[in-house]
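# Examination of the molecular architecture
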Amino acid sequence: MEKIELAIVIVSLLIWIGLLTLWGQFWQTDQQLEVTETHLEKLPSVCAVIPARNEADLLPKTLRSLLCQNYPGSFTIFLVDDHSTDGTAEVAQQTAQALNKNQQLHVITAQALPPGWSGKLWAMEQGINKATTILEPDYLLLTDADIEHDPVNLRQLVAKAEQENLDLVSLMVRLRCENFWEKLLIPAFVFFFQKLYPFRWVNDPQKSTAAAAGGCILIRTAALKRIGGLRVIRQALIDDCALAHAIKSVKSPSSHLPTAPNPHSLGGVGAPSSPSPHSPKIWLGLSSSTHSLRSYPSPSPIWDMVARTAFTQLHYSPLLLVGTLVGMILVYIVPPLGLIVGASTENWLVALTGLSAWLLMSLAYLPMVRFYQCPLWLAFCLPIIAFLYTLMTLDSALRYWQGRGGAWKGRVYRLEGR
């Protein structure tokens, strides 16, 4: 029995050594969009598309942050009121009117949700169709109604895309992390996301890993058209990563052509590189200045957020579910158990191995804890946090089998395989 215990904790330790050294340095927080003064040779046109369903409480801050962007180029906002019952459309119009920016905002009333579409994607589709029909922008900014943007966020996103010839730039905005449950669960949510999609691999055009964060995505209109628009992912519940995968997997015949200098140029940075065949390039990073105002006063809304898509991430496979549950226990639960069991039975080799794995785990989690400015001792709580996320994943499968999978904002979607 002692040999089995030792073998299990050794496997867990080896996994953490492999994760820290071979898995794209996912635990680092260095992939960030720096907020520095940036100059552009040209000023591309941008249209923001905001799907909004019962967001009247947040729009006075979030919509205002978009209307007040420090972007000297053409920037228009299309807000799609997705059958709200709280006066979302009226609040949006009042917010623009208070800033004397009525002409910059277009409020669209969403049509009835057709079969085969998720609600958010259908709302976005209508906003994109209106934006491209009226203005034909160079870029589309796809953002959620709960995101408060830093005044220079759009300027930075466009500069990043132009300078590095990117088809898609996305920010994992800083999620709200103020109360106990947010501090306990939110940094881990981002940590697990980074482990699934190491940002360095996402940002490497030579690797197939693709991901995006739906709260803030800047995408070239031409790139979206090239993949066939949102219609190709219309049923996706994890729509941000599905969009990134579609963009990165479709080859572009040539790189984006540089344009002539704009007479209103901000000056300073050269034009994009000369045209040549290339793989589509995307970039995903963290933001410390653009953040979500969505609050999580209890574990319930965080639980629902994870349970909505966790089983989707596993392709609704019972085998992958079992593998994930076993893997979560082996990677996160075994180290502290090994320490406790080894110490209680005076099997110091097991205890030391378990402690070593736990310390490596805490070391990996520490950068994210510091990024969210949480108490450092929370880094040692990852086993407990991971156990809760394991239960959320199991609940996601149970909801799917009970016909409640994919429920969000009052809608329950018919999922694949049902």
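Residues numbered from 1 in each chain as written. Predicted model: local features only at pLDDT ≥ 70, side-chain atom pairs only at ≥ 80, totals over all residues. Heavy atoms only, no water.

### Some points on the side chain of T209
Within the fold, T209 resides in the loop between α7 (199-202) and β7 (216-220). Owing to a relative accessible area of 18%, T209 belongs among the buried residues under this scheme. Ignoring sequence-local partners within four residues, the contact set of T209 consists of Y197, W201, V202 and K248. (Helix = DSSP H or I, 4+ residues; strand = E, 2+ residues; numbered from the N terminus. Buried < 20%, exposed > 50% of the residue type's maximum accessible area, 1.4 Å probe, protein only. Contact = heavy atoms within 4.5 Å.)

### Digging into the nonpolar core
If you look at the biggest cluster of nonpolar residues, it comprises 116 residues, and the most contacted ones within it are F191, L218, L243, Y332 and Y389. Per element, the largest residue contribution to this core is eight residues, and it comes from helix α6 (residues 180-196). Residue-level mapping places this core at the junction of two domains, with at least three residues from each of domain 1 (1-27 + 304-409) and domain 2 (46-251 + 281-296). Aside from chain neighbours lying at most four places away, what touches Y332 is W16, F191, F192, K195, M361, L382, P383 and A386. By size, the runner-up hydrophobic cluster in this structure holds eight residues, among which are L237, F311, L314 and A397. (Core = buried A, V, L, I, M, F, W, Y, C linked by side-chain atoms within 4.5 Å. Domains from an automatic or database assignment.)

### Quick notes on empty space enclosed by the protein
Enumeration over the complete set of coordinates arrives at five cavities of 30 Å³ or more. The volume enclosed by the second largest cavity comes to roughly 60 Å³. Lining the second largest cavity are K120, L121, M124, L142, G214, I217, L230, I233, D239, D240 and L243. Of all the secondary structure elements, the ones that give two or more residues to the lining of the second largest cavity are α4 (119-134) and α9 (239-249). (1 Å grid on protein atoms, 1.4 Å probe; cavity = no way out; pocket = protein on both sides within 12 Å on 5 of 7 lines; lining within 4 Å. Points joined across faces, edges and corners; volume = space filled by probe spheres on them.)

### Some points on the pattern of salt bridges
For the structure shown, the criterion picks out 12 salt bridges. Of the charged contacts, one joins D30 and R200 as a salt bridge, the two residues approaching to 2.3 Å between their closest N and O atoms. Placement of the pair is D30 in the loop between α1 (2-22) and β1 (46-52) and R200 in helix α7, with a sequence separation of 170 residues. Classification of R200 by relative accessible area gives partly exposed; the value is 30%. A salt bridge links R294 to D146; its shortest N-O distance comes to 3.7 Å. Of this pair, R294 sits in the loop between β8 (282-292) and α10 (299-313) while D146 sits in the loop between β4 (139-143) and β5 (147-148), placing them 148 residues apart in sequence. Each of E55, D146 and R294 takes part in salt bridges that share partners, so that together they form one network. (Salt bridge = Lys/Arg side-chain N within 4 Å of Asp/Glu carboxyl O.)

### Quick word on the sheet that holds β4
Reading across from one edge, β3-β2-β1-β4-β7-β6-β8-β5 is the order of the eight strands in this open sheet, with mixed pairing throughout. Edge positions in the sheet fall to β3 (105-109) and β5, since each of these pairs with one other strand and no more. Note: strand β6 (residues 168-174) against β8, six bridges, orientation parallel. Its bridge partner being in β8, S170 is matched across the sheet by L284. Along the sheet face, helix α3 (residues 88-98) touches β1, β2 (75-81) and β3 and points at about 170 degrees away from the line of β3. (Pairing = 2+ DSSP bridges. Axes fitted to C-alpha atoms, helices over the stretch in contact; angles between N-to-C directions.)

### Points about helix α5 (residues 153-164)
The first and last C-alpha atoms of α5 sit 17 Å apart over 12 residues, in line with the 16 Å expected at 1.5 Å per residue. Among the 12 residues that make up α5, 10 are buried, leaving the element largely enclosed by the rest of the structure. Every buried residue of α5 is listed here: N153, L154, R155, Q156, L157, V158, A159, K160, A161 and E162. Buried residues in α5 make contact with β1, β2, β4, β6, β7 and β8. Immediately downstream of α5, the backbone of N165 shows phi near 55 degrees, a positive value. (Expected span 1.5 Å × (residues − 1).)

### A word on the packing of aromatic side chains
This structure, assessed with the given rule, holds 16 aromatic pairs. Considering the side-chain rings of W16 and Y332, the 5.6 Å spacing of their centres and the 80 degrees angle between planes classify their relative orientation as edge-to-face. Of this pair, W16 sits in helix α1 while Y332 sits in helix α11 (residues 318-344); the two residues are 316 residues apart in sequence, bridging distant segments of the chain. The buried category is assigned to W16, whose relative accessible area is 0%. (Phe/Tyr/Trp six-rings, centres within 6.5 Å; stacked < 30°, edge-to-face > 60°.)

### As for the packing of α11 against helix α13 (residues 382-401)
Running from amino to carboxyl end, α11 crosses α13 at an angle of 165 degrees, the nearest separation of the two axes being 9 Å. On the basis of the axis angle, α11 is roughly antiparallel to α13. In this structure, the crossing between α11 and α13 has a hand that is left-handed. Here α11 contributes P318, L321, L325, M328, Y332, I333 and P336 to the contact with α13, which in turn contributes L382, P383, A386, F387, Y389, T390, T393, L394, A397 and W401. Split into classes, the residues belonging to the contact of α11 with α13 amount to 15 nonpolar, two polar and no charged. (Parallel < 35°, antiparallel > 145°, perpendicular 65-115°, else oblique. Left-handed = near helix turned anticlockwise from the far one by under 90°. Nonpolar A, V, L, I, M, F, W, Y, C, P; charged D, E, K, R; others polar.)

### Section: the pairing of β8
Where burial is concerned, most of β8 is hidden: eight out of the 11 residues are buried. Here two bridges tie β5 to β8, and the two strands are oriented antiparallel to one another. Residue I147 lies in a different strand from β8, and its bridge partner there is S292.

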